[in-house]
Amino acid sequence: MGPVLVLVFLDNCDGPLVSNLLQASFEKSSQSSISNAPHFAKLNRRDGAGGWSPQVTDRQPWLQLDLRDRMEVTAVATQGRYGGSDWVSGYLLLFSDTGRAWKQYRQEDGRFVGNVNADGVVHHKLSHSIRSRFLRFVPLDWNPSGWVGLRVEVYGCAYKSYVADFDGRSSLLYRFNQKSMSTVKDVISLSFKSRQAEGVLLHGEGQRGDYITLELHRGRLALYLNLGELITPGSGRVAVTLSSLLDDQHWHSVLIERFNKQVNLTVDTHTQHFRTKGEGDSLEVDYELSFGGIPLPGKPGTFLRKNFHGCIENLYYNGINIIDLAKRRKPQIYSVGNVTFSCSEPQLVSTTFLSSSSSFLSLPATLSASGGFAVRFQFRTWNPDGLLLSTRLALEPQRLELQISNSRLRLTHHMSAQQKEEVSTGEGQQPRKLIWQMFGYVNIPLLCVPLGCPSSSSSDSYCENPTLAFQGCMRLFSINSQPMDLNLVHQGRLGDYKELQFDTCGIHDRCLPNFCEHGGQCSQSWSHFYCDCSGTGYTGATCHNSIYEASCEAYRLTGSSSGLFSIDPDGSGPLGPTQVYCNMTENKVWTVVIHNSTDPVRVQGSTLQKPYIMKFNYSASPEQLMALVARFCFSTFGPNCNPVTGPDGSPLSWWVDQGGERRTYWGGFLPGVQQCSCSLEENCMDMNYFCNCDADTDSWANDTGVLSYKEHLPVSEIVIGDTNRTGSEALYRIGPLRCYGDKSVWNAASFYQESSYLHFPTLQAELSADISFYFKTSAPSGVFLENVGLKDFIRVELSSPSVVTFSFDVGNGLVDLAVKSHVPLNDRQWHYVRAERSVKEASLQVDQLPLRFLEAPSEGHLRLRLNSQLFVGGTAARQRGFLGCIRTLTINGVTFNLEERAKMTPGVSAGCPGHCSGSSSLCHNSGRCIEKNSGYVCDCSQSAYGGPSCKEEVSVSFNRESSVTYTFQEPFSVMQNRSFQASSVYRGNSRARENMAFIFMTTQSPAMLLTVSTFSQQYIAVILARNGSLQIWYHLHVDRRPDVFSPRPSSLADGHLHRIRIHREGKDVYLQVSNGYIYKRKYTLSSDAELILIRSLTLGIVVGENFDEEVMQAGSKGFIGCLSSVQFNHMAPLKAALLNRGSSLVSVRGHLVESNCGAPADSTTSHPLSAAKTNKDNVSLHDSAVIGGLFLYFLLIYCFGVNMKLVPDVTLFHCLSSSLSLPLSLFVSLSLS
């Protein structure tokens, strides 16, 4: 590998760099007087007027330093102007190698915090150093009672580099001393500055198929790395890409670290870890590595890919300084083309258009000799829309417009108010950097690029902005082949402008780093990023929240029945969802995880030298299984018939636990003891042996038991030896993993003293946090939880009897979200709270009350920095503590064990007294349990069911003229009350949702079942078509055709009960139809728009609505039959019609008869649609396996400090041996709750 690169970090790179600079090293945009010249801006100096101040008319003031050479800058400091009231309270820091093309140094919030007085020094240590010659301080805010005043210091040290300049037709070849170089570890580092968006930086390959390529592609860095994997035709090479906008002609650092297949790729401050493909662990490269391009062998000057055009410095390959070798003309280096050793600096200066509403640049356009003009410029942007250029033509009122529209370039020639011609290009691509040439004829001397003109525009100029102004960067302006000097524009000597930033491209990649979690795809505009969570199983602004419940127990509490479900045991944590079977046929809830071998297996002919081995692949990953086991306490069943021990006591068979450790104890016994359950129960058929099969009789014997040690589950492998004797065989069966219960749902603590609290480790929630819990109290106020840092904090509290408040500060100022209930929350009943904070938004949900929502600022601090303990039920100051019960506290998918911590805390007790605190569901179908002095009652007001336990269906018979209309009390959005104005770019991405469920029976078709209409002419309709098939209509945009779904052509007007459940989440619509069997489908809408201002919901006949013709035909026929248990979100309109006939909210038409058209609710409750798959026919759980007889075994075990029953499968296993010397035993059948 050659010598090893040793990096030495100097602790003393913090010397002052400004104090010794000469007067010529200071530049400025302007100065208010000679005594306020820029060279007076040295820290702690009192010369002149005590610092630099610009003119009060300076629209964009700046102070510039020339450090005389490239330096390593590690810190900056500022002061106000001495003895005055002038100081800068906020500023930007720009850097440049040339003093013309500048780049902003980005703090977390983009700007630096400055001074609060004239003489105090504010020091900022840079999180990553700057290597540059020129620095520019750009004041943003200053003393409102004074003006800009600045003194500065910069700290750092000298910087030395080895530089090579590649002209796009050259490269360097590093040739090995031998034919090939094989390495298991590589470290490659370099910095580059590119003039183009494409180009190869590094390439090497070997004959066995190994290769490494590092190249720029569309301004992103792509690394191709393969260790011997065979590339099949058409498979292509897969790249790992990182960063963007790397063709900005500023330096970017790259570090590649590889050990075997593990690779770290770092670009600037961003690192991506990955595992490379291939069969080997070494990278084998033949002959040479090329830098700057890939020369074609035998053809000098010919390259296979586009070459790199720009500068590379400090290029090290495994400790070898490549550029130093090339500069000294060492024989290992071969130069192709013209490679020089100083970096040329092209003068490509950009201008940033800051505002999408008012930025503009106007330049004079003189006619060319041909009577027209030609315009040329380059631009880049993230926005899909924006006006680039507009000008009036000679013939009034003709004009030309060039704009980006829906990510396409469009040139429009307006010939009159009604007539126009268009030419488009760039279809399907978002132009980020394009060159466009346009020729046209003009007879006026003004060209606006783009337009958003000042109010003071003179009457002889023509400027208008019919669309969004351009927001992005432009450069290389020329009119009629004459370059435009924007310095003259900046100085007010040419054209005009508004809200521009000169000499820099301020475009910022808001998807780097990618804040979209769980594989969400990031897209962006100039000022915002957006996460597409489609197909991830997560939702929310950053794909943080799982759409699945955390356990089968949680599904049961939503009213679900048995079936396949996706559960996400760590919620918003890093693990994805996994599919399990939830068995809810009894009063228990079993979680079942299947694997690849659940049928009985016979084993013969195995020996210790060649044992029988079976590996079990579960439907969940090992990480998911560990999360499930840790949360639920699992078991497995797995019988076998083979010797447990040999004559010397050594094991002949064993099983392997989740950690890969060999286990020789068997079901029903304790870890570490090679015995079976019959030994523990003292009922082995021969008490001289510890297992029935060890008795070694000529007849079949069996052993069974339960594996219950949570840390060892699940069983990952079974090994059986010594069944190679005549007549000897083993039979085993490992059933699915089974679990009963989820104690974390009811993990609670009671707080009796205001000064008491539970404390936990610091909350790890820098970028995102979701906090959910239930509480009940009689106290008027109290802090539920709090965690603080030096300045940042996060808190959730009951601030008054009816208000829950979520407060936090990440450095952008205090944020308070409050939800006020119309009834007191200190009513000794359970209430649900969910608070979430991310870099995108914050929200607070309390019970079913409207969601309070606030969008985070696009610029500002992102990270919540905490350092104290997390206090639950109180604060560190022991004030405003909570009095009452808190249960099911979950933060970022982790449920906190309140009960365990409460056992050792004074003033707090484990659990919570009361009937409604138990784990059994006393109230069904979303009914709410309410404590009473001598018992409890079920509040069924938000359930479509009635009765003491919310289990009785509410059913009504309709005739053709019957209808029930539920009018919402006020204009009601099905979504949420958002306390912000969404950006115009992403307004359409609100996360709309509806839940509808009902039961019906009819023989009529067509028929109207249900309609939901809004004040904005939107509607949802569920009808039976003429052929009796079910149709769902979503009309979300008045100017578009509605989305219509018809699940299946078969008629539902068959006189049988049908249960319908419809759930929408954004564009996704989940449908469930059940009638003895369950039919499920998922559909995708053309829009994810929410229902705005819901007006009413109608069951039965509909008249006077502006629906589509087929819907109106069904509406005019009404509904004849029985409707039952109708639910829309948390509304139960049918029940409201029966219980509140005099209410102004309910309008009843025709004759309604209360009836009983349904069965008991519990036996027919359906699944949440977003969680279940559409087919469960292929699942075989094998709850019992009977072979030759029956043996039933029950065992009660307390596991993980939680009451959970372990119940075995009803399974019989026999062992048969003709040998008189070797015993046999049986592996157990078991299940664990």
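Remember, predicted model here, so these are calculated numbers, not experimental data.

Reading the values: rules and limits
- Position labels on residues start from 1 in each chain and follow its written sequence.
- Reporting of local features is limited, given that this is a predicted model, to residues whose pLDDT is at least 70; pairs of side-chain atoms are given and counted only at 80 or more, and all residues count toward the totals for whole chains, interfaces and linings.
- Hydrogen atoms and water are omitted, and side-chain values are computed over all heavy atoms in the structure.
- Helix and strand labels come from DSSP, where a helix needs a run of H or I of at least four residues and a strand needs a run of E of at least two; each type is numbered from the N terminus.
- Here the term buried applies to any residue with accessible area under 20% of the maximum for its type, exposed to any over 50%, and partly exposed to those in between, with areas from a 1.4 Å probe on protein chains only.
- In this analysis, two residues are considered to be in contact whenever any of their non-hydrogen atoms come within 4.5 Å of each other.
- All accessible areas in this document rest on Shrake-Rupley with a 1.4 Å probe, and a residue is counted as covered only by the protein chains that are shown.
- Here the rule is simple: two strands pair whenever DSSP picks up at least two bridges between them.
- Angles shown run from 0 to 180 degrees and are taken between the N-to-C directions of axes, each axis being a line fitted to C-alpha atoms and, for helices, limited to the stretch in contact.
- What counts as a disulfide here is a pair of cysteine sulfur atoms lying within 2.5 Å.
- When the centres of two rings from Phe, Tyr and Trp lie within 6.5 Å, Trp using its six-membered ring, the rings pair. Their planes under 30 degrees apart give stacked, over 60 give edge-to-face, and anything left gives tilted.
- Note on criteria: charge over ring means Lys NZ or Arg CZ within 6 Å of the ring centre, with the direction from the centre no more than 35 degrees off the ring normal.
- For every residue, the pLDDT score states the predictor's confidence, bounded by 0 at the bottom and 100 at the top.
- When a carboxyl oxygen of Asp or Glu is within 4 Å of a side-chain nitrogen of Lys or Arg, the pair counts as a salt bridge.
- N or O atoms closer than or at 3.5 Å make up a polar contact, with two conditions inside protein: a donor-capable atom paired with an acceptor-capable one, and, for residues adjacent in sequence, both atoms drawn from side chains.
- The patches reported here contain residues having more than 30% relative accessible area and no salt bridge. Joining distances are 9 Å for like charges and 5 Å for nonpolar side chains (Val, Leu, Ile, Met, Phe, Trp, Tyr).
- When we speak of the arc, we mean the arc of directions from the helix axis to the C-beta atoms.

Across its full length, the protein chain carries eight helices and 88 strands. By the burial criterion, 57% of the 1233 residues in the protein chain qualify as buried. Put simply, 71% of the contacts in the protein chain that link residues at least 6 apart link residues at least 24 apart. For the protein chain, the computed accessible surface area is about 52700 Å², with 50% contributed by carbon and sulfur atoms.

Spatial ordering of the open sheet is given by E80-E79-E78-E73-E82-E70-E84, a layout of seven strands whose pairing is antiparallel. In this open sheet, the two strands that pair with only one neighbour each are strand E80 (1077-1084) and strand E84 (1152-1155). Strand-to-strand twist in this sheet, taken as the mean axis angle between neighbours without regard to direction, amounts to 25°. The pairing of strand E70 (residues 955-958) with strand E82 (residues 1121-1128) spans four bridges and is antiparallel. Within E82, the residue paired with Phe958 across the bridge is Gly1121.

Let us look at the state of the cysteines. This model, assessed by the stated rule, comprises ten disulfides. In this model, Cys311 is linked to Cys343 through a disulfide, with the two sulfur atoms separated by 2.0 Å. The chirality of the disulfide connecting Cys311 with Cys343 is right-handed, given an S-S dihedral of about 95°. Of this pair, Cys311 sits in strand E21 (residues 309-317) while Cys343 sits in the loop between strand E24 (339-340) and strand E25 (350-353); the two residues are 32 residues apart in sequence, bridging distant segments of the chain. What pairs with Cys885 in a disulfide is Cys912, and their sulfur atoms sit 1.9 Å apart.

Here we come to the packing of aromatic side chains. According to the stated counting rule, one finds 30 aromatic pairs in the structure shown. Between the aromatic rings of Phe166 and Phe308, the centroid separation amounts to 6.2 Å while the plane-to-plane angle is 70°, which identifies the pairing as edge-to-face. With Phe166 in strand E9 (residues 163-167) and Phe308 in the loop between strand E20 (283-291) and E21, this pair connects stretches of sequence that are 142 residues apart. For Phe308, a relative accessible area of 0% corresponds to the buried category. On the basis of an interplanar angle of 50° and a centroid distance of 5.1 Å, the ring pair of Tyr774 and Tyr832 is categorised as tilted. In this pair, Tyr774 sits in strand E54 (residues 768-776) while Tyr832 sits in strand E59 (residues 831-838), placing the two residues 58 residues apart along the sequence. The structure contains a cluster of three or more aromatic residues connected by ring pairs, namely Phe353, Phe377, Phe379, Phe470 and Phe477. Taking the ring centre of Tyr334 as reference, the NZ or CZ of Arg175 above it sits at 4.7 Å. In this structure, Arg887 packs its charged tip against the face of Trp830, placed 4.7 Å from the ring centre.

Below, the discussion takes up the confidence of the model for the protein chain. Per-residue confidence for the protein chain gives a mean pLDDT of 80, with 80% of residues at or over 70. Segment residues 636-640: pLDDT under 50, and 40 contacts once partners within four positions in sequence are set aside and those in other chains are kept. Here residues 1159-1233 scores under 50 on pLDDT; set against residues more than four positions off or in separate chains, the count is 286 contacts.

The next point concerns the pattern of salt bridges. In this structure the tally under the stated criterion is 41 salt bridges. Across the pair Lys615 and Glu717 runs a salt bridge whose closest N-O atoms are separated by 2.6 Å. Taken together, the residues Lys615 in strand E46 (residues 612-615) and Glu717 in strand E49 (residues 717-720) connect sequence positions 102 residues apart. One continuous salt-bridge network, built from bridges that share partners, spans Arg70, Asp97, Lys193, Glu313 and Glu345.

This part covers the environment of Gly48. In this fold, Gly48 is placed in the loop between strand E2 (26-28) and strand E3 (63-79). Sequence separation between Gly48 and Ala37 is eleven residues; the distance between their C-alpha atoms is 8.0 Å. Excluding its chain neighbours within four sequence positions, the residues that come into contact with Gly48 are Ser35 and Phe40.

Spatially, four strands are ordered E46-E49-E47-E48 in an open sheet, and the strand pairing comes out antiparallel. Whereas interior strands pair on both sides, the edge strands pair on one side only; in this sheet they are E46 and strand E48 (662-663). Direction of pairing for strand E47 (residues 653-656) relative to E49: antiparallel, over a ladder of four bridges. Paired with Val656 across the two strands is Glu717, which belongs to E49.

Let's shift gears to the side chain of Arg258. Structurally, Arg258 can be placed in strand E16 (residues 252-259). Only 2.5 Å separates the side chain of Arg258 from the backbone oxygen of Thr183, close enough to count as a polar contact. Within the local environment of Arg258, its side chain forms a polar contact with the backbone oxygen of Asn260, the two atoms lying 2.9 Å apart. Residues within four places of Arg258 in sequence aside, it is in contact with Thr183, Val184, Lys185, Asp186, Leu225, Leu227, Val263, Asp281, Ser282 and Leu283.

What follows concerns a nonpolar patch on the surface. A cluster of nonpolar residues, Phe1015, Ile1092 and Leu1093, forms a patch on the protein surface that exposes about 280 Å² of accessible area. Here Ile1092 shows up in the loop between E80 and strand E81 (1094-1100).

The next point concerns the environment of Tyr832. The partly exposed category is assigned to Tyr832, whose relative accessible area is 24%. Through-space distance from the C-alpha of Tyr832 to that of Ser772 is 7.5 Å; in sequence the pair is 60 residues apart. Those residues in contact with Tyr832 that sit more than four places away from it in its chain are Ser772, Phe773, Tyr774, Gln845, Val846 and Asp847.

This part is about helix H7 (residues 1109-1117). Those residues of H7 not exposed but buried are Val1111, Ala1114 and Gly1115. For H7, the angular spread of the buried residues around the axis is 105°, confining them to a single face. Remark: Gly1118 follows H7 within two positions and exhibits a positive phi of approximately 65°.

Turning our attention to unusual backbone geometry. Pro513 follows Leu512 through a cis peptide bond whose omega is 0°. Assignment of secondary structure puts Pro513 in the loop between strand E37 (500-502) and strand E38 (521-524). A cis amide bond links Ser1005 with the next residue in sequence, Pro1006, at an omega value of -5°. Within the secondary structure, Pro1006 sits in the loop between strand E73 (993-1002) and strand E74 (1007-1014). At Asn44, a residue that is not glycine, the phi angle is positive and equals roughly 65°. Inspection of the secondary structure assignment puts Asn44 in the loop between E2 and E3. You can call Asn44 exposed: its relative accessible area is 52%. Positive phi, normally seen in glycine, also occurs at Arg218, with a value near 55°. Note on placement: Arg218 falls in the loop between strand E13 (211-217) and strand E14 (220-227).

On to the pairing of E21, then. Within E21, nine of the nine residues are buried, leaving the element largely enclosed by the surrounding structure. Judged from the five bridges that link them, E9 and E21 form a sheet pairing that is antiparallel. Each residue of the ladder has a partner; that of Asp167, found in E21, is His309. The sheet contact formed by E21 and strand E22 (residues 320-321) spans two bridges and is antiparallel. In the strand pairing of E22, Tyr317 is matched with Ile320. Between E21 and E22, which pair antiparallel in sequence order, lie two residues; one of them, Asn318, sits at a positive phi of approximately 50°.

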